[in-house]
Amino acid sequence: MRPILLKGHERPLTFIRYNREGDLLFTCAKDHHPTLWYGDTGERVGTYVGHNGAVWTCDVSDDSSTLLTGSADTTAKLWDAKTGECYFTFTFDQPVRAVALAHGGKRAAITTDPFMGVPSAIHIVEIDLEDRSRQTARVIRRIDGPQGRVTRVLWGPLNRTVITGGEDGIIRSWDAENGEVLKISQEHSKQIQHLSMSEDGSHFISASLDKTAKVFDSETLECMKTYSADRPVNAAILSPIRDHIVLGGGQDAMSVTTTSSKAGKFDSKIYHKIFEEEIGGIRGHFGPINALAFNPDGRSFTSGGEDGYVRIHPLDNSYFEIP
Amino acid sequence: VDWNKVDVESVELPRDEFERAGLDKPVEAEIEELKQESGFASVIVVDNLPMIAEAKYAKLLSVLTKIFSQIGTIREGGLLMPQDDSKTSLGFAFIEYENEQQAQSAVDQTNGYQLDKKHVFKVCKFDDFEKYEKVPDEYVAPPPKPFAKRENTQAWMMDQRGRDQFVCRFGDETEIFWNDPQTKKGEDVYTRTHWTESYVQWSPKGSFLATVHRQGVALWGGESFGRIAKYAHNAVQFIEFSPCERFLATGSTHEPSKAGETTQVLVNFFDTRSGAKLRTFTGPISDFIAEGQQGLTWPVFKWAGQSNGKCGAFFAKIATGAISVYEAPEMTLVDKKSIKLPGVVDFCWSPADPILSCFQPEQNGGNVPARLSLIGLPSKQEVRSKNLFNVVGVNMHWQSGGDYFAAKILRTTKSKKSTYSGFELFRLREPNCPMEVLELPNKAEKIVAFAWEPKGHRFAIIHGDGARPDVSFYSMKDKQGNNNCTLIGTIKNKTANHLFWSPNGRVVILAGLKTMNGQFEFFDVDAMDTMASVEHFMATDVEWDPTGRFVTTAVTSVHQMENGYHMWTFNGKLLYKYGKDRFFQFLWRPRGKSLLSPEQEADIEKNIKKYSKRFEEIDEKIRNEADSSAASEKRIKEEKWRNWLESKKAIRETQAYK
Amino acid sequence: AEHKRALARKVVIERRKEEAERAAAEKEKAEEAARLAAQRKHEANEAKRLEQEARTREEARIRAEMEEKEKQEALELLAEQAKRTGKKMTTTLEDGVVLDKRAIMQEAIQEQIKARQEQERALNALAKRMDHVERAKREESIPLIEKAYNE
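Analysis parameters
- Residues numbered from 1 in each chain as written.
- Chains lettered and ligands numbered in written order.
- Predicted model: local features only at pLDDT ≥ 70, side-chain atom pairs only at ≥ 80, totals over all residues.
- Heavy atoms only, no water.
- UniProt positions renumbered as here; feature names shortened; annotations may be inferred.
- Helix = DSSP H or I, 4+ residues; strand = E, 2+ residues; numbered from the N terminus.
- Salt bridge = Lys/Arg side-chain N within 4 Å of Asp/Glu carboxyl O.
- Buried < 20%, exposed > 50% of the residue type's maximum accessible area, 1.4 Å probe, protein only.
- Pairing = 2+ DSSP bridges.
- Axes fitted to C-alpha atoms, helices over the stretch in contact; angles between N-to-C directions.
- Phe/Tyr/Trp six-rings, centres within 6.5 Å; stacked < 30°, edge-to-face > 60°.
- Domains from an automatic or database assignment.

- Going by the annotation in an unreviewed UniProt entry, the name recorded for chain A is Eukaryotic translation initiation factor 3 subunit I, with Ostreococcus tauri given as the source organism.
- Within the UniProt record for chain A, the comment given under Subunit (unreviewed entry) is "Component of the eukaryotic translation initiation factor 3 (eIF-3) complex."
- As its UniProt record puts it under Subcellular location (unreviewed entry), chain A is described as follows: "Cytoplasm".

1. Brief notes about the UniProt feature "repeat: WD" (unreviewed entry) in chain A
All names here are of chain A.
Here is step 1: In this numbering, the UniProt entry assigns the feature "repeat: WD" (unreviewed entry) to residues 6-47, 48-89, 143-184, 185-226 and 282-312.
Here is step 2: Across residues 48-89, the secondary structure splits into 0% helix and 52% strand, with the terminal C-alpha atoms separated by 13 Å.
Here is step 3: End C-alpha atoms of residues 143-184 are separated by 16 Å, and the span's content is 0% helix alongside 55% strand.

2. Overview of the pattern of salt bridges
All names here are of chain B.
Here is step 1: Scanning the entire structure with this criterion turns up 73 salt bridges over all chains.
Here is step 2: As a salt-bridge pair, Arg429 and Asp353 come within 3.1 Å of each other at their nearest N and O atoms. Here Arg429 is found in the loop between strand S27 (419-427) and strand S28 (435-438), whereas its partner Asp353 is found in the loop between strand S21 (346-349) and strand S22 (355-360), with 76 residues between them in sequence.
Here is step 3: Overall, the relative accessible area of 46% leaves Arg429 in the partly exposed class.
Here is step 4: Of the charged contacts in the structure, one is a salt bridge between Lys492 and Asp470, with a shortest N-O distance of 3.5 Å.

3. Considering the sheet that holds strand S13 (residues 139-144) of chain A
Residues and elements named next belong to chain A.
Here is step 1: Spatially, S10-S11-S12-S13 is the arrangement adopted by the four strands of the open sheet, whose pairing is antiparallel. Whereas interior strands pair on both sides, the edge strands pair on one side only; in this sheet they are strand S10 (96-101) and S13. Sheet twist, expressed as the mean angle between neighbouring strand axes with direction ignored, is 15°.
Here is step 2: With six bridges joining them, strand S11 (residues 107-112) and strand S12 (residues 121-126) adopt antiparallel strand pairing. Bridged to Ala109 within S12 is Ile124.

4. A short note on the packing of aromatic side chains
Residue and element names in this part refer to chain B.
Here is step 1: Counted by the stated rule, this structure contains 52 aromatic pairs over all chains.
Here is step 2: With centroids separated by 5.0 Å and ring planes inclined at 45°, the aromatic side chains of Tyr231 and Phe270 adopt a geometry described as tilted. With Tyr231 in strand S11 (residues 226-232) and Phe270 in strand S14 (residues 264-271), this pair connects stretches of sequence that are 39 residues apart. Exposure class is identical for Tyr231 and Phe270. Each is buried.
Here is step 3: A centroid spacing of 5.8 Å and a plane angle of 85° characterise the contact between Phe450 and Trp452, whose relative ring orientation is edge-to-face.
Here is step 4: Among the residues examined, Trp452 registers a relative accessible area of 8% and is labelled buried.

5. Topic: the domain arrangement of chain B
One frequently used descriptor of interface size is the decrease in accessible area upon assembly of the parts.
Here is step 1: Its domain assignment divides chain B into domain 1 (41-134) and domain 2 (598-624).
Here is step 2: Centre-to-centre, using C-alpha coordinates, domain 1 of chain B lies 69 Å away from domain 2 of chain B.

6. Thoughts on the sheet that holds strand S28 (residues 310-314) of chain A
Residues and elements named next belong to chain A.
Here is step 1: With respect to topology, four strands assemble into an open sheet ordered S1-S28-S27-S26, the strand pairing being antiparallel. A strand with exactly one partner marks an edge of an open sheet, and here the two such strands are strand S1 (4-6) and strand S26 (289-294). Neighbour-to-neighbour, the strand axes of this sheet turn through a mean angle of 20°, independent of strand direction.
Here is step 2: Bridging between S1 and S28 involves three bridges; their strand directions are antiparallel. Residue pairing in the sheet places Leu5 in a bridge with Arg311 of S28.

The structure is reproduced here in structure tokens:
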């Protein structure tokens, strides 16, 4: 089936997120305006205006009412997803890199970059979805992060841990209560670009510049599967309905020696999750893929590229005939 | 130097080079010896001199100085002729040269020099002298060594499934594989890290793999890929086996230490089996290149082709206005003199016979025309020659069986403003070696590539000036089988700049390398039809296996991306791919001629059905086994994953979310 | 009174006359208008008809051209086919014989597919033969290599 091309961002995409039902699609880019689209048609609904820097990440509450975004302008913002109104701003002294709402939406983890001598940090804040007027900026726990950036954050099983991936290629799980490091995994040799949790929370997938994606046990951080790609991997996602994964990435503009878009490896690749074998690929982008997200119904996924385009890829019958 | 201020760590040389070379202990011990030698390596001992009194001492000294300073520069105070108490000389002298090479050439050139009737120089390296002195006068029989049978270097030729081997070099690894078309992968044979310091090369019949190190060359082979021999040659750069594998030439160039001096060339010839150094050629670079040539092109010595399977061989090098032909194993100049060919710039041997093709450009400002000649050895008789006019350049092409020879001639028009091409074709198997001229319909077109069909009568030419040139096929025989060079056909607008014939002929790959990004057309010349058009993006190399059943295309490390090779069948079907970063080399292991008689071979072809049935059964079984083992592996993986997922579910359900 | 009546009648008659004259004039005018309208309508119809005719002619021309082109292409296809198969063909077409280009193309494609499959089969057979001959030769030379080694 033909992909749906979403034109709206003028700068490279950074992050893509579906709501729980899959009817809404949130995209973040280096331009300052996160954008909302209809998940099925790709029609643009509107933008969230308020950030003054690249928006690195976002998360949406289960009831689709509230959007949390994090930006290089050193703020994380809470928005009314429907009206586009920013109703609360968390202000930090460092650029915000990653955000994640806890299961149930009562808490959020916000990571900040190392900046002016201050190391990276993970901030746990409380979110009040019931009564927005009660929202405060209070950080209930500030965890000093490792050397270098924390590039991604996820909540672990039962909200007991937060799992982070870093510039150092290390994946860590932290006790959300006391901020202690519980587990460390050094399976990746280069920067972690993306982490994405499975539906049931038992495992998650990582994407790294070391040209691999890996699946980890979300409790023990044991590496269970490895997918070798022939390009740096910027994003990797798990199919919610099949034992497949999708990864994307590509040589960055600096190291692409030829002009051919083929040489840059800008296609998304589908692998078998259990057998770790490549199944197929979907071409389209003119630059590296920076972001991927599966529609929760598992029948389409969306990619966002360095080229500024968002593409919704419906998966057709021939895909579902693959064993 | 204030050593306190120097960070020794930072200037330390890389890890021990022998360790890096992966050579084992015995070599290391020998290298130690070499190192000890180096202090006196440039000193020679001249023995058998006249013993003379003080009065004649100065005279002899000046004679010696004259003789030995012709060969190299004698260091200041480097000539010592000891005398006894009565000031009578002792009959020998020490001479110290600037470097070891000069010392070596002095030994090579003056040992046996007749000074006068009574006195013949005995010259050796000082180190050798010392070595021999240590030898006890009485012969002591060495303790008997346990008899170790040498491994069979042909063992790989006996693969039950008739597969071929190849070697790959990537990163620090050198790995040998079987090409396995049934399981569609390269099956590991042998791997070694840091096996070579620069490159590897198979010997012409595939018996040995040569590795190249700073100290010299090592040969490996047999089933265990153990070391079979080694040849010392410091800073060796090039190697070249004789076609029969019995001789090995190693070469190096040495930049001058002082400005104003010329680059020196050193070439050693070894007997591959005994390891003995048979002869050394050394001298300034000008002794090894044609007049007016810039820089050295290896091989400096080219081996003559051999179809009779004998182990003697001719080899030749170009010199100013001459070609010097030597004969192995004697390593002497044939007839004790070179073949005079004024102005000669290039020569080639027939791959099958001792016949040289030589080209001499115009001499005397055009008064003597350019000349193309074929010269037979050892008679040095001209087989055929031709004078040529207005020639700018010549490229020589021998057909693999030595049956035909083609020279591409680039000429200028009378106005000298433009050039055009033509071919001179020679039939070596016909009496008097008849010759034909071939010109393309548009002779002003650029000739991009020319290639003979191996073991055949045909050749292919890529011609045209544009981005999509044409390819023409010709046969040396017409439809009736007569000796007439005939156009078979021309195919237009091809993305091709290189030709790769299958070693069996019939199939040729029209390859678009470099600017054409890796386009390949597998072409059947019998049917004049394309079998497949494929792409291997940015491919740099094409290599046919020795049998013409398979062919590889590879991207080597000249590109950063997509390094590795693709394995194809002869008709352009992709068998499998292999990717490795920093991919340097891919070489199929060559095979010697089959030991079967032509009658036996014909017999096999006649009864092929009998074999076919069995081979198909074997292949089927292998494929099924591979399939079923892959399937069961998958089953196990899947079961393990499901069990794990189930165990996680059980844990999760017992605990409530916060 | 009589005179008055006569005068009145005269007036009445005069009026009727006037009335009749007016009516006649009106009628004439109306008829003229109707005639003009009819004429205009006729003219418009005529123009339309001409235009229609021209268009039909043009369409017919284009169709004829396309048919001719199709015919040519079909002929070319047939010629190509003939060249490939080596069969003879008529290069002239009888009048009234309509060549269906699509059918010919379909046929040509089918033929090409068949030829490809045929080539594929032949090549596979060749590949197998090459492989088996090579393997058989190697197998037979194994004892010879063994023997050479042991000597």
